[in-house]
Each structure stands twice: as C-alpha cells, then as structure tokens.
Protein chains: 2
Amino acid sequence: MPRNGKFFTLAALAFLTLPAWSGTHPSMPDVLAASAPADWRPLDPNNTLYVELAGGRVVIELAPGFAPLHVANIKALTRARYFDALSIVRVQDNYVVQWGDPDNRRALPAGIGKLAPEFDTPTVRKMPFTRLPDGDVYAPEVGFSDGFPVARSPALHRTWLAHCYGMVGVGRDLDVQSGSGAELYVVIGHAPRHLDRNVALVGRVVQGMELLSALPRGGAAMGFYAQSETPIPIKSVRLAAEVAAAQRSNLEVIRTDSATFAALIESRRNRPEEFFKVPAGHIELCNVPIAVREASKAP
Amino acid sequence: MPRNGKFFTLAALAFLTLPAWSGTHPSMPDVLAASAPADWRPLDPNNTLYVELAGGRVVIELAPGFAPLHVANIKALTRARYFDALSIVRVQDNYVVQWGDPDNRRALPAGIGKLAPEFDTPTVRKMPFTRLPDGDVYAPEVGFSDGFPVARSPALHRTWLAHCYGMVGVGRDLDVQSGSGAELYVVIGHAPRHLDRNVALVGRVVQGMELLSALPRGGAAMGFYAQSETPIPIKSVRLAAEVAAAQRSNLEVIRTDSATFAALIESRRNRPEEFFKVPAGHIELCNVPIAVREASKAP
C-alpha cells in the first residue's frame, strides 16, 4: 500500500477502485471480483513446468497446441532431469533470460534431437481466437487463444504465438531446424516482436516472473554472464504432474474467450480510475494482462 | 560472446554481421560503424542528471522542450541536494522503478511546488519530428524528436513524449496539478503507453538502465518495498554541469533527424542478419534503439 497520499501515484490508481471518468465500465479489480468460477480454468499438470531457483518457483504454462514437437521434447528433457543443476547463463536487459547447457556438459537424452521449425501453425477452424480489434504494428490480426497472446495472417492462413513479456521460447542456431528445447529463453523486456515467426514459442510464465526479470544482467556480450560472474543455478525443472499434489502451485488462468476477459480488456483499454484523465482508447496486445490467480481450495 | 556455436541463438544474431536475407541494407553494427561524427550530439551537461547508486551511475537526459516547468523543478531540487540520501521505494515488475520521499522526511526547497500539467505540448513548426511510418496502436502519429520517442495528434495539434522503456516521469496525485518532480519513476517493462498524456515525462535513461531494472521487486502492493524490505539508497543526484569534467560520463546520442538514424531504423525493421528468416516488415516505436555511445576523447 502507498504509505501516504503523496504516493497515490501512477499505476497505484490502476489498481484502486475510484469514481470512473466515464462511469460506463468497471475497473480490473471489479471485473475480477465479479468473475464466475467458469471464467477460469486450472493449469493442466501435464503441461505445466516448475523451474525451481534459489529464490523460488517459476511456473510456466506450456502451449502444445502451437509447438507440439518442441513441447514434447521439453517434457521429455524434464522427465530425464536434463535441466537439473544447469544454469541461467544469459540475462540481457530489456530482452531475455536464457538457460541451458552452453558447455555441453551433458548429452541430450536418447531420442531428443533437433526439430522441424514450429514458428507458426496453420489457422484451423477449431482454434480459439478472441480478436483484439485495437490493431497491431506487426501483424494483420492479434488476439488470444487458450490463454496465450497470438497473431495471425488471414492471407497466409497462419497463426503464431506473440513475443510478449513472459513468453517462453526455444533457442536455436542459424538453421531453422536447430532447436531442440534444451535451451529456453523468457522475454523480460519490451516485446521483441521481430522474433515472431523466427523461433518456436512454447509457453508463458504465469507466476514468478520477478525471479527471472530481477536477476543480475550479464556483463559479457548479449547479456551472457562473463567468466568472472556466476551463472544462476537451476535447482530442478519438473512437470507439475511429477510433483506431489500438496507441493503444486494450484493456479487458474482466466478464460480468454469469456465475457469476463472482454470486460477486463475494456477495463485496461480505457481505465475508469480517477487518476486517468485521458483515456488511451486502445490497448496493445502485450499490455493486456492475462490474469492468473490461486485456485480456491476444494470444498 | 557465445561460448560455443550452440549458443549462437536468438538475439545473438541481431548483433552479428552475417549475409543478409535481402542483401539490400546493412545491419545495425554496420550502420553505427559507418556513421559520421555529425550524426551524433553530445549530452548537454545542464540537462543531464547523474543518479548515483551503490551499483553505479544512472545517466538521464532531461527533456526541457517537453516539460520545461518540471525539468526546472528537478534541476532546482538537484541543486538543493533534495534527492541525496533518499531512496528507491518502489520496484514493480514489468512496470516502474520509483524514488522519492514517501515519509516526507524533508520539505521541498523554497520556491518548489506543485506544477501545472505538462502532459503534452502544442505541436509547433520548429519542433523536430522524424516520423516513424510503421503505425502505432495508441496514437495517430509517432516518431522521434531530439532523441526522444514521441507521439502526436494532427487533429489535436499536440505532441507528447511516449512511455517507452527507460523513459522518466513525474509521479503525481489524483489532481493533475500535483506533480512537482520530487518523485520520479522510470519505465522498466513493456511500454505502459496508457500513461501517455496522463503524466509529465521529463527525460530518458541513456546509460545504466540495468542498475534500475535488475533491482529486487518490492513485496508490498504495487511493488512498494514492504516494511521488512530495504529501500535502495540514492547516494546523490547531480547535474552533469555540477560534476568535474573528469568525472562526467561523456556520452553522445544519435541524431534522430539524421540519415544514419533512418538507416538504423531499417536495420531493425527488417534485420539483415542470417538468423532472421521472416522479416518483421514493421517496427514499433519503443523497439527502435536510440543509440548512445561514449564520446571519443578530444584530439
């Protein structure tokens, strides 16, 4: 909480319920408070990764619908304990955190190799798509699909995950067929959308971003840690399904095809809080919060 | 440098010169290497702030052309040593770092008070404006003016600084006339453009962003540090003009009305590096790097 009135500033007001400038719609806290249980879906334990660091747990929701081969590899690598005791080796300001095995200390498990690119996917009828009508600098259409920010091209009949803050991608070499999932990065800065359709995105951090984004930046080129710096150890990576129920992070993500999510978007497109004097009128894809909450305990 | 070929990934390639996919234009390093001295301008010591932290110096270029009253206040506060030994009190992930005097330990110096809003400014003929033709979700027109990212509305005849990564703004209360410059924030996440025209932006961090963006996030609401957490001390804030020449950070900023800057934009709009298989074709305002470099020593 702000410690006094003077600090009632900036974003502070984005999270307080105050008289609206328009009076026509609720604030984001109001929208979330009024949501129904059906507006939320639990994370699938078979598509949820826990990256355990000294500072705590980073929870990643995987997106097998967009990168099935890469997600399968990542799950196999996880089950083989490939990532355990590897390190975060790169933290580049306003760009990415990246982990893997740069010194090739360990071989990839049997059956895990480089993959065909999954940089975008055919747009098919069954694919959920809640369009954001506000426009986009990079793509003809943007919106949300099953809780992920996406872009698509009607002309190309292709859809792809968008490089918003917190999105998780697969490092690769120059060859488009050189990614395996054995090295992953997370976006920690202004959305590097130029990477869209050039790498395979595989998921999104839904909790624990600050454990990555506040890490010391690397002092070598491109944010790699220099020899004199200490890479950040990864204690373990587990699928939620491998973890005892009592140790799981029971999170729910807002359904992006719900009326509640549409109301959330409007609460952020034109903020009703009194602090805001000039409504933005529009919202950019990566500024839409895809809300996550602790699941309520089973009754 | 990447430690082996496997780590030749992602952004790595954004900074290497490799055969172009189009062959039609140079990469950003090529553009900068080919620049002429006249493509750069030095920082004005009378409009440059040094925020000294334990970790080093954050250099801010002030923008008196956009917020003359607020910049004058900030300079007066600096000369009065108002900021010295205050603290960074708020670090909210993907949003802002903020400093000031939340406990009102010290009074504002005589003559320094709340100011009329300077959230935007009339668009005048003499104002430099290099338009970015790529479009924008938030404003009718965007571009660059004297080294700052700006937006403008021809219909309103108004221009304003845009909330890109690294921009510096003035905290205020609900009243638009409640900002003084005594509390400042810096954007450390995806551009919160909804703040445009709602607060006074006063400058941009041109060096040392990582000293702010990697700070521990605050555990209380809105990223304020909780009682159990330690705010980050500010050793001092000085105008460069107050600092002996030998202790100054001698930086130059690219001239945003130069042909070199136009080439830089194109090098980032459609990256020629071999890593990129699908050119973005467009670039968003806050993804354009406004290059800064160490000034060469006087001959």
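Since the structure is predicted, the reported quantities are computational estimates derived from the model, not experimental observations.

*Asks:* Any chance you could explain the overall build of chain A here in plain terms?
*Replies:* A tally of helices and strands in chain A yields four helices and 16 strands. Counting only C-alpha atoms, chain A reaches 60 × 50 × 45 Å along its principal axes. Looking at the 299 residues of chain A, the share that counts as buried comes to 58%. Across chain A, contacts joining residues at least 24 apart in sequence account for 71% of those joining residues at least 6 apart. Carbon and sulfur atoms make up 55% of the accessible area of chain A, which amounts to about 11,300 Å² in all. Of the charged side chains in chain A, 31 are positive and 29 negative, and the gap between their average positions amounts to 2 Å.

*Asks:* Please explain the sheet that holds strand β8 (residues 141-145) of chain B as it appears in this structure.
*Replies:* Adjacent strands of a sheet pair through backbone hydrogen bonds, lying either parallel or antiparallel. Residues and elements named next belong to chain B. The strand order across the open sheet built from five strands is β6-β10-β9-β8-β7, with neighbouring strands paired in antiparallel fashion. Among the strands making up the open sheet, the edge pair consists of β6 (121-122) and β7 (130-132). The pairing of β6 with strand β10 (residues 158-161) spans two bridges and is antiparallel. Opposite P122, over in β10, you have R158 as the bridge partner.

*Asks:* I keep staring at the packing of aromatic side chains and nothing clicks. Help me out?
*Replies:* Each pair of aromatic rings is reported with the distance of its centres and the angle of its planes. One pass over the full model with this rule turns up six aromatic pairs over all chains. Centroid distance Y82 of chain A to F83 of chain A: 5.4 Å. Interplanar angle 80°. Geometry classified as edge-to-face. Here Y82 of chain A and F83 of chain A have matching classes, each one buried. Ring centres of F144 of chain B and F261 of chain B lie 5.0 Å apart, and the angle between their planes is 80°; this geometry places the pair in the edge-to-face category. Taken as a pair, F144 of chain B in strand β8 and F261 of chain B in helix α4 (residues 259-269) lie far apart in primary sequence, 117 residues in all. The exposure class of F144 of chain B is buried, given its relative accessible area of 1%. The side chain of R152 of chain B reaches across the aromatic face of F129 of chain B, ending 3.6 Å from its centre.

*Asks:* What am I meant to see in the side chain of H190 of chain B here?
*Replies:* Here H190 of chain B lies in the loop between β12 (184-187) and β13 (201-207). A polar contact of 3.1 Å, which involves the side chain of H190 of chain B, links it to the backbone nitrogen of A191 of chain A. Beyond its immediate sequence surroundings of up to four residues, H190 of chain B is in contact with H190, A191, E284, C286 and N287 of chain A together with N94 of chain B.

*Asks:* I keep staring at helix α4 (residues 259-269) of chain A and nothing clicks. Help me out?
*Replies:* It helps to recall that an α-helix has 3.6 residues per turn; residues three or four apart then point in one direction. Looking at α4 of chain A, one finds that the buried residues are T260, F261, L264, I265, S267, R268 and R269 of chain A. Next to the buried residues of α4 of chain A lie α1 (28-33), β7 (130-132), β8 (141-145) and β15 (251-254) of chain A.

*Asks:* I keep staring at the pattern of salt bridges and nothing clicks. Help me out?
*Replies:* Residues and elements named next belong to chain A. Scanning the entire structure with this criterion turns up 32 salt bridges over all chains. The salt bridge involving D120 is made with R197; its shortest N-O contact spans 3.0 Å. Placement of the pair is D120 in the loop between β5 (96-100) and β6 (121-122) and R197 in the loop between β12 (184-187) and β13 (201-207), with a sequence separation of 77 residues. By the burial criterion, D120 is buried, and R197 matches it. A salt bridge links D134 to R269; its shortest N-O distance comes to 2.8 Å. Of the two residues, D134 is situated in the loop between β7 and β8 and R269 in helix α4; the sequence distance between them amounts to 135 residues. With relative accessibility at 10%, the residue D134 sits in the buried group. Sharing partners across several salt bridges, the network here consists of D136, R193, D196 and E284.

*Asks:* Any chance you could explain the sheet that holds strand β1 (residues 40-42) of chain B here in plain terms?
*Replies:* Residues and elements named next belong to chain B. Strand order in the open sheet formed by three strands is β1-β16-β17, with antiparallel pairing between adjacent strands. Each edge of the sheet is formed by a strand with only one pairing partner; in this case those strands are β1 and β17 (292-294). Going from strand to strand, the sheet's axes swing by 35° on average, the running direction of each strand aside. Where β1 meets strand β16 (residues 251-254), three bridges bridge the pair, whose relative direction is antiparallel. Bridge pairing in β16 links R41 to V253.

*Asks:* Sorry, what's going on with the state of the cysteines here?
*Replies:* Formally, a disulfide is one covalent bond, and it connects the sulfur atom of one cysteine to the sulfur atom of another. All names here are of chain B. Under the criterion given, the structure shown has two disulfides over all chains. A sulfur-sulfur distance of 2.0 Å marks the disulfide that ties C164 to C286. Between C164 and C286 the sulfur-sulfur dihedral comes to about -70°; the bridge is accordingly left-handed. One end of the pair, C164, is in the loop between β10 and β11 (167-170); the other, C286, is in the loop between α4 and β17, and 122 residues separate them in sequence. Since its relative accessible area comes to 4%, C164 is described here as buried. On the accessibility criterion, C286 (9% relative accessible area) is buried.

*Asks:* How should the environment of A80 of chain B be read in this particular structure?
*Replies:* Relative to the helices and strands, A80 of chain B resides in the loop between α2 (68-79) and β4 (87-91). Sequence separation between A80 of chain B and Y225 of chain B is 145 residues; the distance between their C-alpha atoms is 26 Å.

*Asks:* Help me understand the pairing of strand β10 (residues 158-161) of chain A in this model?
*Replies:* Remark: a regular strand shows side chains that alternate across the two faces of the sheet. All names here are of chain A. Both strand β9 (residues 148-153) and β10 contribute to a ladder of four bridges, which runs antiparallel. Bridge assignment links A151 to a residue of β10, and that residue is W160. Between β9 and β10, which follow one another and run antiparallel, lie four residues, and H157 among them has a positive phi close to 55°.

*Asks:* What is the right way to look at the pairing of strand β3 (residues 56-62) of chain A in this model?
*Replies:* Residue and element names in this part refer to chain A. Burial analysis of β3 places five of its seven residues in the buried class, which makes it a mostly covered element. Of the strand pairs in this sheet, strand β2 (residues 48-53) and β3 are connected by six bridges, and their pairing is antiparallel. Bridge pairing links T48 to E61 in β3. Where β2 folds back on β3, the antiparallel hairpin that results is connected by two residues. Across four bridges, β3 lies against β13 in antiparallel orientation. Looking across to β13, one finds that L62 is bridged to G203.

*Asks:* Help me understand the confidence of the model for chain A in this model?
*Replies:* All names here are of chain A. Confidence in the prediction for chain A averages 91 pLDDT; 91% of positions are at 70 or higher. Contacts for the low-pLDDT stretch residues 1-22, under 50 throughout, to residues beyond four places or in other chains number 80 contacts. As scored by the predictor, the complex reaches a pTM of 0.92 and an ipTM of 0.92.

*Asks:* Looking at this model, I keep getting lost on the side chain of E252 of chain B. Mind explaining?
*Replies:* All names here are of chain B. Its place among the elements puts E252 in strand β16. Here E252 falls in the buried class, since its relative accessible area comes to 13%. Those residues within four positions of E252 in sequence are excluded, and the remaining contacts are W40, R41, P42, A291, V292, R293, E294 and A295.

Analysis parameters
- Residues numbered from 1 in each chain as written.
- Chains lettered and ligands numbered in written order.
- Predicted model: local features only at pLDDT ≥ 70, side-chain atom pairs only at ≥ 80, totals over all residues.
- Heavy atoms only, no water.
- Helix = DSSP H or I, 4+ residues; strand = E, 2+ residues; numbered from the N terminus.
- Buried < 20%, exposed > 50% of the residue type's maximum accessible area, 1.4 Å probe, protein only.
- Contact = heavy atoms within 4.5 Å.
- Areas by Shrake-Rupley, 256 points an atom, 1.4 Å probe, with all protein chains shown as cover.
- Lys, Arg positive; Asp, Glu negative; His and termini not counted.
- Charge placed at Lys NZ, Arg CZ, Asp CG, Glu CD.
- Pairing = 2+ DSSP bridges.
- Phe/Tyr/Trp six-rings, centres within 6.5 Å; stacked < 30°, edge-to-face > 60°.
- Lys NZ or Arg CZ within 6 Å of the ring centre and 35° of its normal.
- Polar contact = N/O pair within 3.5 Å; in protein donor to acceptor, adjacent residues only side chain to side chain.
- Salt bridge = Lys/Arg side-chain N within 4 Å of Asp/Glu carboxyl O.
- Axes fitted to C-alpha atoms, helices over the stretch in contact; angles between N-to-C directions.
- Disulfide = S-S within 2.5 Å.
- pLDDT = per-residue confidence, 0-100.

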